[in-house]
Amino acid sequence: MLFTRVIEASRQIASTRARTAKIDTFAELIRSAQGPEIEPVVAWLAGELRQGRLGVGWKTLVASRPEPAPEAALTVADVEAALTELAGISGTGSTARRAAALSELLGAATAEEQDLLVRMLTGELRQGSLEGLAADAIARAADLPAPTIRRAAMLSGDLPAVARIAITDGAAAVAQIGLTVGRPVRPMLASPGESLSAALAALGPQVSVEYKLDGARIQVHRDGREVLVVTRTLRDITASVPELVELVLALPCRSIILDGETLALNDSGRPRPFQETMSRFGSASGELLLTPFFFDCLHLDGMDLLDEPLSRRLQALESVVGDHRIPALMCPDTVAAQAHFDAAIADGHEGVMVKALDSTYAAGRRGKSWLKIKPEHTLDLVVIAAEWGYGRRTGWLSNLHLGARDPDGGAPIMVGKTFKGLTDELLRWQTEEFVRHESHRDAHTVYLRPEIVVEIELDGVQTSTRYPGGVALRFARVVRYRPDKTAAQADTIDAVRSLR
Ligand code: AMP
C-alpha cells in the first residue's frame, strides 16, 4: 500500500462531519491494508507511532528536510521500516546518523508526505487523532461487533494489534485477548443511587454493601517481584508510594491485579482531608503514610477474574488481602445495611457502595451494578453575588456566589459558586429579583446585599486555600430559594466546616 493512501484517507475523514462516513473511510483503509501494514496504518490514524517517541527534535527535522520527491512512491512498509530504523539508532554519532536516516526518508517523500511525516515525528498527529473512531472502524473492517473490539483494546491497551488480530485471525482470536498483568485497565465506575433503600430494591438481596472511602482510586499490579501502582486515570505513581509497593509484595500470591482506594488516616483511624492524600501522589517525600483498602480483584495467580461474578472476585480478594479489604457486608438485610451506612458516616467516610454480587467487572464503564450512596447534605446559604450567564444563559444572572453566615456578625464568608440546578424559571426570577438587592457591579458580576437565602445541596466540603473561610463546597447545586429565611438564619461557616 502506498503511504499516500493514508494521507488521502485522513484528508477524506477530515473533510466530512458525518461519523459514519468517517468510519467507512477508515474501515476501507484498514481493509485494503495487507497483514503487516494493518498495525502501522491503525497506529498512525490513531495518532501514535508503534516505535514510541523517536527522540527526533525539530532542529534535526528542519536540518534534514530535503527537496521533496516529485511523485508518491513511498509505501507504508517503507515508512514503517524507516521509523523502526530511526528508533534503533543510539550511541555515539547517533545525531548525525539519525539526521542521515531522516533525510533519506524525507527525500523519498512528496511535499505532502513530508508534512505528514513531520507531524508524526513531532507527536503533532495526536491532536487530530481518530482514536475515538478507531474501534468502530476496526469492527466494521473485520465485520465484528464494536464492543468486542473495544473490550479487547481496553484489556490489551494495543489498538493496532487488536486490528491485526481481528482482520487476520478473526473473532475467536479477539476473544482470547485478555488482561496483562502490568498493563492497567480503565477502572469500573459507579452510578449514583437515589438512596440506600432504592439501591437495595434495585439490586436485590445479593449485594455487597461497602464503605465508600473518600481517598484516591488505585489499581495495583504485581507480577512476581514487579509492582505497578496507577491512579484512576492510569497514571503510574509507583515511585511515589513505596509503602504500598512493599505491602503488595508481602501479599501471599505470585501475580495479582487489585482495585481499591487509598487514603491517609489520622492516629485514630479516621480519614485525613482528601487533599492530604492527594499530596502524596506527586512525590515520595510526603510524611503521611497511605493505607490501601482493596475492593476488587481482577486477576490472581494466572487467572483472569474480570468476567467472573463479583462474589467470586471477592473470594479471591479475601483470600489474599486480609485486613486491607474495604469494610463490607455481604447480603445484609435493610436494617444491617443502614447500620453499615451509619457506621461509615460516623467513621468519617463518604457513604456506601452497593454492588450486585452477580455483576462482572465493566472496565471503563459506569454501570448500574455499582451504586454509590451518600448522605444528602443541604445548607442554607446567602447569595452574595451572581455572574452574568453566557451561551444559552446570556442576559440572565446565572452563576451564584454563595456565602455562609459569620457567627460573629461579619459579612457572609464565600464558600463556593454554582449555576447547577437553576431552572429557566429560577434564572428569570433571580435576574429580576437580584437587581433590587444590588450593592454594586462590575463587567461580569452583580454584587448583592446579604438578603437572599438559597438552599444548596452538596456532596460535601473540602479544605480550600482559595476561599476566605478555608473551605469550599463540593458539587453544589441549587434546590430552591428560601424566602422564608433571612440571612441571619442562614447556616454558619462553622456548620460548613463541620462537613469536612
Ligand atoms: P465517585 O468518584 O463519587 O463517582 O465515586 C466512585 C469512586 O469512589 C471510585 O472511583 C473510587 O475511587 C471510590 N470508592 C471508594 N470506596 C469504594 C468502593 N467500596 N468501591 C468502589 N469505589 C469506591
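Residues numbered from 1 in each chain as written. Predicted model: local features only at pLDDT ≥ 70, side-chain atom pairs only at ≥ 80, totals over all residues. Heavy atoms only, no water.

### Description of the sheet that holds strand S3 (residues 216-223)
Here is the rule: Any two strands with at least two DSSP bridges between them are considered paired. Helix and strand definitions follow DSSP, with helices as H or I runs of at least four residues and strands as E runs of at least two, each counted in order from the N terminus. Residue contacts are counted whenever heavy atoms from the two residues lie within 4.5 Å of one another. Interaxial angles span 0 to 180 degrees and are taken between N-to-C directions of axes, which are lines fitted to C-alpha atoms, for helices over the stretch in contact.
Ordered by their spatial adjacency, five strands build an open sheet running S4-S3-S5-S6-S7, and the pairing between neighbours is antiparallel. The sheet terminates laterally at strand S4 (226-230) and strand S7 (303-304), the two strands that pair on one side only. Strands S3, S4, strand S5 (255-264) and strand S6 (290-300) of the sheet are contacted by helix H13 (residues 242-249), whose axis makes an angle of about 45 degrees with S6. With respect to the sheet, helix H15 (residues 310-321) is in contact with S5, S6 and S7, its orientation differing from that of S6 by roughly 125 degrees.

### Things to note about the pattern of salt bridges
Condition: A side-chain nitrogen of Lys or Arg and a carboxyl oxygen of Asp or Glu constitute a salt bridge if their distance falls within 4 Å. Think of it in three bands: with a 1.4 Å probe and only protein chains considered, a residue is buried below 20% of the maximum accessible area for its type, exposed above 50%, and partly exposed in between.
Tallied over the full model, the rule gives 31 salt bridges. With its nearest N and O atoms 2.0 Å apart, the salt bridge here joins glutamate 112 to arginine 11. A residue pair is termed long-range when its members are at least 10 positions apart, and glutamate 112 in helix H7 (residues 111-122) and arginine 11 in helix H1 (residues 3-15) qualify at 101 residues. For arginine 11, a relative accessible area of 45% gives the class partly exposed.

### Side note on the domain arrangement of the chain
Quite often, the size of an interface is put as the accessible area lost when its parts meet. What counts, and what does not: A domain assignment, automatic or from a database, supplies the domain bounds used here.
Domain annotation for the chain reports domain 1 (3-175), domain 2 (189-373) and domain 3 (377-497). Measuring from the centre of the C-alpha atoms in domain 1 to the corresponding centre in domain 2 gives 38 Å.

### Brief notes about the packing of aromatic side chains
Working definition: an aromatic ring pair is given by the centre-to-centre distance plus the angle between the planes. In plain terms, the rule: Between 30 and 60 degrees the pair is tilted, below 30 it is stacked and above 60 it is edge-to-face, where a pair is any two Phe, Tyr or Trp rings, Trp via its six-membered ring, whose centres lie within 6.5 Å.
Under the definition given, this model contains six aromatic pairs. Consider the rings of tryptophan 429 and phenylalanine 434, whose centres lie 6.4 Å apart with planes at 80 degrees: the pair is edge-to-face. For tryptophan 429, a relative accessible area of 35% puts it in the partly exposed group. For phenylalanine 434, a relative accessible area of 0% gives the class buried. Measuring from ring centre to ring centre gives 6.2 Å for phenylalanine 434 and tyrosine 481, while their planes differ by 80 degrees; the resulting arrangement is edge-to-face.

### Some remarks on the site of the ligand
What counts here: Note on definitions. A residue lies near a molecule or strand when any single heavy atom of the residue is within 4 Å of it. Nitrogen and oxygen atoms within 3.5 Å of one another constitute a polar contact, given that in protein one can donate a hydrogen and the other can accept it, and given that sequence-neighbouring residues count only through two side-chain atoms. Residue exposure ignores everything except the shown protein chains as possible cover, and the areas themselves are Shrake-Rupley values with a 1.4 Å probe. Nonpolar residues are Ala, Val, Leu, Ile, Met, Phe, Trp, Tyr, Cys and Pro. Charged residues are Asp, Glu, Lys and Arg, and all others, Gly as well, are polar.
Around the ligand sit 14 residues, and of these Glu210, Arg217, Glu261, Lys355 and Lys372 come closest. Taking glutamate 210, its side chain carries an N or O atom lying 2.9 Å from a nitrogen atom of the ligand. Here an oxygen atom of the ligand and a side-chain polar atom of arginine 217 are 2.8 Å apart. Considered on its own, the ligand offers 490 Å² of accessible surface; in the complex 89% of this is hidden by protein. Counting only elements with at least two residues in the shell around the ligand, the list comes to strand S2 (207-212), strand S9 (351-356) and strand S10 (366-373). Per element, the largest residue contribution to the shell around the ligand is three residues, and it comes from S2. Broken down by class, the residue content of the shell around the ligand amounts to six nonpolar, no polar and eight charged.

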